[in-house]
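Secondary and tertiary structure notes
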There are 2 protein chains.
Amino acid sequence: MRELIEKLFARHLANDKLDIQSDAATFKIPVATDELLITTDGYTVDPLEFPGGTIGSLAVYGTVNDLAVSGAEPLYMTLTAFIEEGLEISVLDRVLNSMANACRECNIAVVAGDTKVLKRGQGGGIYFSTTGVGFRKTVSNLGLKQIKTGDLILLSGTAGDHGTAVMLAREQFGLSGTLHSDAASVLPITRILMASPGLAFMRDPTRGGIATVMHEIAQACNKTVRLLESSIPVHDQVKAVSEILGYDPLFMANEGRVVAVVDPEHANQSLSALHAGGYPDAAIIGRIEDGRKHVILETTIGGERLLEQLEDDPLPRIC
Amino acid sequence: MRELIEKLFARHLANDKLDIQSDAATFKIPVATDELLITTDGYTVDPLEFPGGTIGSLAVYGTVNDLAVSGAEPLYMTLTAFIEEGLEISVLDRVLNSMANACRECNIAVVAGDTKVLKRGQGGGIYFSTTGVGFRKTVSNLGLKQIKTGDLILLSGTAGDHGTAVMLAREQFGLSGTLHSDAASVLPITRILMASPGLAFMRDPTRGGIATVMHEIAQACNKTVRLLESSIPVHDQVKAVSEILGYDPLFMANEGRVVAVVDPEHANQSLSALHAGGYPDAAIIGRIEDGRKHVILETTIGGERLLEQLEDDPLPRIC
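Anyway, here's the lowdown on the structure attached to this text. This one's a predicted model, so the numbers in the text were calculated from it and none came from an experiment. (Residues numbered from 1 in each chain as written. Chains lettered and ligands numbered in written order. Predicted model: local features only at pLDDT ≥ 70, side-chain atom pairs only at ≥ 80, totals over all residues. Heavy atoms only, no water.)

**Remarks on the interface of chain B and chain A**
Listed per partner, the contact involves 56 residues of chain B and 56 residues of chain A. In total, about 4,600 Å² of surface goes out of reach between chain B and chain A, with carbon and sulfur atoms giving 52% of it. Of all residues in chain B, Asp23, Phe27 and Ile38 of chain B give up the largest surface area on contact with chain A, accounting jointly for 15% of the area buried on that side. Summed over the shared surface of chain B and chain A, the number is 2 salt bridges. Between Arg207 of chain A and Asp114 of chain B there is a salt bridge, and its shortest N-O distance comes to 3.9 Å. The set of elements that each furnish at least two residues to the side of chain B that touches chain A consists of helix 1 (2-13), strand 1 (25-27), strand 2 (35-43), helix 2 (55-68), strand 5 (73-84), strand 6 (109-118), strand 7 (126-136) and strand 9 (199-203) of chain B. Looking at the side of chain B that touches chain A element by element, the count peaks at 9 residues for strand 2 of chain B. Grouping the amino acids of the side of chain B that touches chain A by side-chain chemistry returns 23 nonpolar, 18 polar and 15 charged. Sheet analysis places strand 1 (residues 25-27) of chain A next to strand 2 of chain B, joined by 3 bridges and oriented antiparallel. Bridged to Ala25 of chain A within strand 2 of chain B is Ile38 of chain B. (Contact = heavy atoms within 4.5 Å. Buried area = accessible area lost by both parts, 1.4 Å probe. Salt bridge = Lys/Arg side-chain N within 4 Å of Asp/Glu carboxyl O. Helix = DSSP H or I, 4+ residues; strand = E, 2+ residues; numbered from the N terminus. Nonpolar A, V, L, I, M, F, W, Y, C, P; charged D, E, K, R; others polar. Pairing = 2+ DSSP bridges.)

What follows is the structure in structure tokens.
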């Protein structure tokens, strides 16, 4: 089984930097690079394949997106795969194929890898861990510390698609639908935002959703985040499923969205650039205010409520 | 549970590069660096704690050692932890403590991390994945391609300690002993070997043991590897356990040993340097010969036998 697995990885992910006989890969960085960045993530999504992606494409996009929202361009990644005994090889083949396609799309190469086989009953089919290395062309000033009172909050697309699509794919609720995960590279989005003036901060709202990023902002900045519910784009299907099951789309995972904080003079320019760049659902969803460090939602019916912080994962193995 | 876990990781592994609020960490490299190296590995050892180490120290040493045998010095690492629900927090605390101690010993900092909680019954307590980044001060010529006929093979210490110690720690065989895993940083060893002339190749013989590295050499060089059984250092306990259970120490995992290939004019100089440097068990265990690409063992009783290649892991979750 080990040999079969390793051949499959080598076939799908082969590139001139990946030498499976080496303990470590050498890698080069652009000469003019001012800053190197590194990020790591684990992936445990269940099911392994879902409408709009697989754990393979998700791992690549997740890695690329963490670099992208840091203002970086991806260069290389490493991959550790934990494979449970008894996994169908055809599933692994499809997962690696979608991973390879995502690598090509994002122009990122797997330069080092490892596979470990887990005993049946000691894994969840496939777990991946990736580390991504990227670079910023110039030292940027992005970060939570750049956020000021009055700044506006942009969201690049609809909220909660990934979490809802994966939940539906589990079929445990007896619901189904045509909804797809938003899993995708956000590099085109971050490039647009970085080319526009006034950008203070970017983050991809994955586990815990938009609401969790808002809480991170409120905590780190010691300010109030005010969201306008009617301005937050949400697919009708996501709304419907959330109502039936009692979930809130603002807490559902996204895997291809960006939350950006932009100064108020330039937020409309950034928004127009996103609309023109192929992101028609992008919207200004809220603003930063002086006040206690909490998150207020102005509801569609005109009221106000505090958005609580998540105590724990609402949905384990969603990403 | 998530919050508890993340606090525990932050407490043990805190350093000035680790910002848990960032998607990606910036990292710096020495100005005079010619080559950057990157390596990745997964760790699934069972039990999580064993005589001589834990999965935490093992993950650090494994990362450092892959860089070390590539002729590099470690700089940074990333860590993904998959934690199974129900794991005792006191176990995680001890594992992270031993990990932190190993990081300090090896002067390597965890700059980015992620934790994922696995459902009970979908994990093995703890799985780790690490990626290490290091640098070589000068471009070195180490590699399988540098190996020539007549070169001698050095082993830095006794064979099979880690695999045997972990097996004994499982207590499934009704055996026990005082044997410790050899899990350790091999940086002091690789530094000694690199300071000596004639070095062609280094590798740490982990999963699959010494024999598997010998097969990699034979295959890559298209030559015969000849080992002299009587010259291979093996602990008496490892010998005894192997005889009882029918294992071969040459196939057992090591986590603190180096196999080095050195030209015949300089091999004794390298050996003396290892002896003087605190590695009294280091020995010349074989040589590279022209011939078919296989591995011959000259046995203690004067015969010869072919060492087969491992078909599959002899002992799952040994590292």
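**Notes on the state of the cysteines**
Scanning the model with the defined rule gives 0 disulfides over all chains in all. Cys319 of chain A takes part in no disulfide bond, and the closest cysteine sulfur, belonging to Cys106 of chain A, lies 17 Å away. (Disulfide = S-S within 2.5 Å.)

**Some words on the packing of helix 1 (residues 2-13) of chain A against helix 3 (residues 89-106) of chain A**
All names here are of chain A. The interhelical angle for the contact between helix 1 and helix 3, taken along N-to-C directions, is 25°, at an axis separation of 9 Å. On the basis of their axis angle, the class for helix 1 and helix 3 is roughly parallel. As helix 1 packs across helix 3, the resulting crossing turns out to be right-handed. Between helix 1 and helix 3, the residues in contact are Leu4, Ile5, Leu8, Phe9, Arg11, His12 and Leu13 and Ile89, Leu92, Asp93, Leu96, Asn97, Met99 and Ala100, respectively. Of the residues belonging to the contact of helix 1 with helix 3, the class tally is 10 nonpolar, 2 polar and 2 charged. (Axes fitted to C-alpha atoms, helices over the stretch in contact; angles between N-to-C directions. Parallel < 35°, antiparallel > 145°, perpendicular 65-115°, else oblique. Left-handed = near helix turned anticlockwise from the far one by under 90°.)

**Overview of the sheet that holds strand 5 (residues 73-84) of chain A**
Pairing within the open sheet is mixed, and its 5 strands lie in the order 6(A)-5(A)-7(A)-2(A)-1(B). Two strands in the sheet have a free side with no partner beyond their single neighbour: strand 6 (109-118) of chain A together with strand 1 of chain B. The mean angle between the axes of side-by-side strands here comes to 20°, regardless of whether they run parallel or antiparallel. Taken strand by strand, helix 1 of chain A contacts strand 5, strand 6 and strand 7 (126-136) of chain A, and its axis lies near 160° from that of strand 6 of chain A.

**Section: the side chain of Thr44 of chain B**
Mapped onto the secondary structure, Thr44 of chain B falls in the loop between strand 2 and strand 3 (49-50). Non-local contacts of Thr44 of chain B, meaning those with residues more than four positions away in its chain, are made with Phe82, Lys116 and Leu118 of chain A together with Ile55, Tyr127, Arg317 and Cys319 of chain B.

**Focus: helix 1 of chain B**
Taking 1.5 Å per residue, 12 residues should reach 16 Å; helix 1 of chain B reaches 16 Å between its end C-alpha atoms and fits that length. The inward-facing, buried residues of helix 1 of chain B contact strand 5, helix 3 (89-106), strand 6 and strand 7 of chain B. (Expected span 1.5 Å × (residues − 1).)

**Observations regarding the relation of the copies chain B and chain A**
With an RMSD of 0.0 Å, the operation that places chain B on chain A is a rotation of 180° combined with a shift of 0.0 Å along the axis. Taken together, the rotation and translation describe the operation of a two-fold axis. The share of interface residues of chain B whose copies in chain A are also at the interface is 100%, consistent with both copies meeting through the same surface. (Least-squares fit on C-alpha atoms with pLDDT ≥ 70 in both.)

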